[in-house]
Amino acid sequence: MIIAIDGPSGSGKSSTAKQIAKALDFVYLDTGAMYRAVSVGTLRSGINPQDEKAVAEAVKNMSVRFKDGMVLLNGEDVTVAIREDAANKAVTPVSANPAVRTLLVEKQREFAADHDVVMEGRDIGTVVFPDADYKFFLIADLNIRAERRMKESTEKLSLEDIKADLLRRDKKDSSRSHSPLRKADDAIEIDTSNLTFDEQVDKILSMIDTKSQNMEENEWLKS
Ligand code: DC
């Protein structure tokens, strides 16, 4: 079974998806971390993230893996580096690069081939798995998203800087030509602005029937 959770940064996707996976005993895949790891690899190779050709070439020699809660790039732990401001900035052009997307989408599909999975990102319900069993699209108010990001961040950034960065990324993610951030027509939208973490998780879990193999077979969703 595939559960797709998409939405903008700070909408609560990651923590929610992780908890849903734990509750259902499914595997969790953070696709944003994959794009971020490739961005770190690009920066470390001294390549300009905007240089589409050079990034397309470099990504062929990168391997991204997840192990014991760590993100490994060519075997090296980049769990902290992928959340730093440099990676935040580089990931916008890197994730808009068609060659990077093609490669990572292929890996994401391979990963789900032999697992029940909760996969989170921007294009899981639209591009990676248009036939996912369940699709959720999480949204939240900008101020709340910025506050959440501030709590998570290890760097000292002001709320205004974080808000500006979120707006910049929303705009770029939604307007890029390749796999833009968009709610799938059949995704269930959940506004997490006024929900506690537990409420978010419970709401989603209450809609999932692990015995049914398709959304259309789910009685709850028909009503
Ligand atoms: O979810 P996140 O903020 O960690 O994602 C980092 C960046 O990667 C974000 O700017 C959008 C991009 N991304 C993407 O384009 N497609 C995905 N499936 C996941 C993330």
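As shown above, the structure is provided for reference.
What counts and how
- Residues numbered from 1 in each chain as written.
- Predicted model: local features only at pLDDT ≥ 70, side-chain atom pairs only at ≥ 80, totals over all residues.
- Heavy atoms only, no water.
- Salt bridge = Lys/Arg side-chain N within 4 Å of Asp/Glu carboxyl O.
- Helix = DSSP H or I, 4+ residues; strand = E, 2+ residues; numbered from the N terminus.
- Buried < 20%, exposed > 50% of the residue type's maximum accessible area, 1.4 Å probe, protein only.
- Near = heavy atom within 4 Å.
- Polar contact = N/O pair within 3.5 Å; in protein donor to acceptor, adjacent residues only side chain to side chain.
- Contact = heavy atoms within 4.5 Å.
- Phe/Tyr/Trp six-rings, centres within 6.5 Å; stacked < 30°, edge-to-face > 60°.
- Pairing = 2+ DSSP bridges.

Caption draft 1: The arrangement of the pattern of salt bridges in detail. Taken as a whole, this structure holds twelve salt bridges when the rule is applied. Between aspartate 85 and lysine 89 there is a salt bridge, and its shortest N-O distance comes to 2.9 Å. Here the residue aspartate 85 and the residue lysine 89 both occupy positions in helix α4 (residues 85-95), the gap between them amounting to four residues, near one helical turn. Judged by its relative accessible area of 43%, lysine 89 is partly exposed. Between aspartate 165 and arginine 169 there is a salt bridge; the shortest N-O distance is 3.6 Å.

Caption draft 2: Broad picture of the site of the ligand. Lining the immediate surroundings of the ligand are 16 residues, of which Arg36, Arg101, Arg122, Asp123 and Arg176 lie closest. A distance of 3.3 Å is found between an oxygen atom of the ligand and a side-chain nitrogen or oxygen belonging to arginine 169. Aspartate 173 is positioned such that a nitrogen or oxygen atom in its side chain is 3.4 Å from an oxygen atom of the ligand. When residues of the shell around the ligand are traced back to their parent elements, those giving at least two are α2 (31-44), α4 and α8 (159-175).

Caption draft 3: Structural view of α4. Judged by how many residues are buried, α4 sits mostly within the fold: eight of eleven residues are covered. On its buried side, α4 packs onto α2, α3 (52-59), α5 (98-113) and α8.

Caption draft 4: A look at the packing of aromatic side chains. Across all of its chains, the model carries one aromatic pair by this definition. A ring pair is formed by tyrosine 134 and phenylalanine 136, whose centres lie 6.4 Å apart and whose planes are at 5°; its orientation type is stacked. Relative accessible area serves as the criterion here: at 0%, tyrosine 134 is assigned to the buried category.

Caption draft 5: The pairing of strand β8 (residues 188-191), seen in detail. Side chains Ile188 and Ile190 project from β8 onto a buried face, and the interleaved Glu189 and Asp191 project onto a face without burial. Across four bridges, strand β7 (residues 134-139) lies against β8 in parallel orientation. Among the inter-strand pairings, phenylalanine 136 is bridged to a residue of β8, identified as isoleucine 188.

Caption draft 6: Focus on the environment of aspartate 173. Looking at the secondary structure, you find aspartate 173 in helix α8. Of the residues examined, aspartate 173 reaches a relative accessible area of 7% and is grouped as buried. Separated by 51 residues in the primary sequence, aspartate 173 and arginine 122 have C-alpha atoms spaced 8.2 Å apart. Other than its neighbours up to four places away in sequence, aspartate 173 contacts Arg122, Pro180 and Leu181. Reaching out from aspartate 173, the side chain makes a polar contact with the side chain of arginine 122 at a distance of 3.5 Å.

Caption draft 7: A look at unusual backbone geometry. For asparagine 74, which is not a glycine, the phi torsion comes out positive at approximately 45°. Here serine 179, not a glycine, exhibits a phi torsion of approximately 50°, which is positive. With respect to the helices and strands, serine 179 occurs in the loop between α8 and β8. Owing to a relative accessible area of 10%, serine 179 belongs among the buried residues under this scheme.

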